[in-house]
Amino acid sequence: SITTISSPTMSEQAEGSRGGLFGTGGRFSGQVDPIMEKFNESINFDKRMWSQDLRGSIAYAKATQKVGILTEEERDTIVAGFE
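Bear in mind the structure is a predicted one, so any value in this text is a computation, not a measurement.

What about the pattern of salt bridges?
Side-chain pairs of opposite charge can arise where the charged atoms are in close proximity.
Right, so step 1: A full pass over the atoms with the stated rule returns one salt bridge.
Right, so step 2: Between D76 and R75 there is a salt bridge, and its shortest N-O distance comes to 2.8 Å.

Here is the structure:
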């Protein structure tokens, strides 16, 4: 079977106890534009996967240096930024 992970949308979060749109401290009111809903729908997933994402980015920087796309200095700068 397939497991579906569900999280509240930004509009649903906006109806929380802080008032106004979620994360804005009440500076805005109203509904979140559907474009922003789509753009932000993976944030909760991204929060859980940050470590794997960083490890993958480091591996990609090392691989692209090995095939000559990046210099060693560029690779080291990228890796240092992620570490």
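Description of the side chain of R75
Right, so step 1: Within the secondary structure, R75 is located in helix 4 (residues 72–82).
Right, so step 2: Judged by its relative accessible area of 18%, R75 falls in the buried class.
Right, so step 3: Polar contacts involving the side chain of R75 include one to the side chain of D76, which spans 2.8 Å.
Right, so step 4: Sequence-distant contacts of R75, defined by excluding residues within four places in its chain, comprise A61, K62, Q65 and L70.

Some words on the confidence of the model for the chain
Right, so step 1: Here the chain averages 76 in pLDDT, and 65% of its residues register 70 or above.
Right, so step 2: Mean pLDDT across the elements of the chain ranges from a minimum in helix 1 (residues 10–14), with 52, to a maximum in helix 4, with 96.
Right, so step 3: With pLDDT under 50 throughout, residues 16–21 is counted as low confidence; its partners more than four residues away or in other chains account for ten contacts.

Let's talk about helix 3 (residues 43–66)
Right, so step 1: An ideal rise of 1.5 Å per residue puts 34 Å on 24 residues; helix 3 measures up with 32 Å between its terminal C-alpha atoms.
Right, so step 2: At M49, helix 3 shows its largest bend, some 65°.
Right, so step 3: Turning to helix 3, its buried residues are I58, A61, T64 and Q65.
Right, so step 4: Turning to helix 3, the residues buried within the fold contact helix 4.

Calculation rules
- Residues numbered from 1 in each chain as written.
- Predicted model: local features only at pLDDT ≥ 70, side-chain atom pairs only at ≥ 80, totals over all residues.
- Heavy atoms only, no water.
- Salt bridge = Lys/Arg side-chain N within 4 Å of Asp/Glu carboxyl O.
- Helix = DSSP H or I, 4+ residues; strand = E, 2+ residues; numbered from the N terminus.
- Buried < 20%, exposed > 50% of the residue type's maximum accessible area, 1.4 Å probe, protein only.
- Polar contact = N/O pair within 3.5 Å; in protein donor to acceptor, adjacent residues only side chain to side chain.
- Contact = heavy atoms within 4.5 Å.
- pLDDT = per-residue confidence, 0-100.
- Expected span 1.5 Å × (residues − 1).
- Bend = angle between axes of the 7 residues up to and from the residue.

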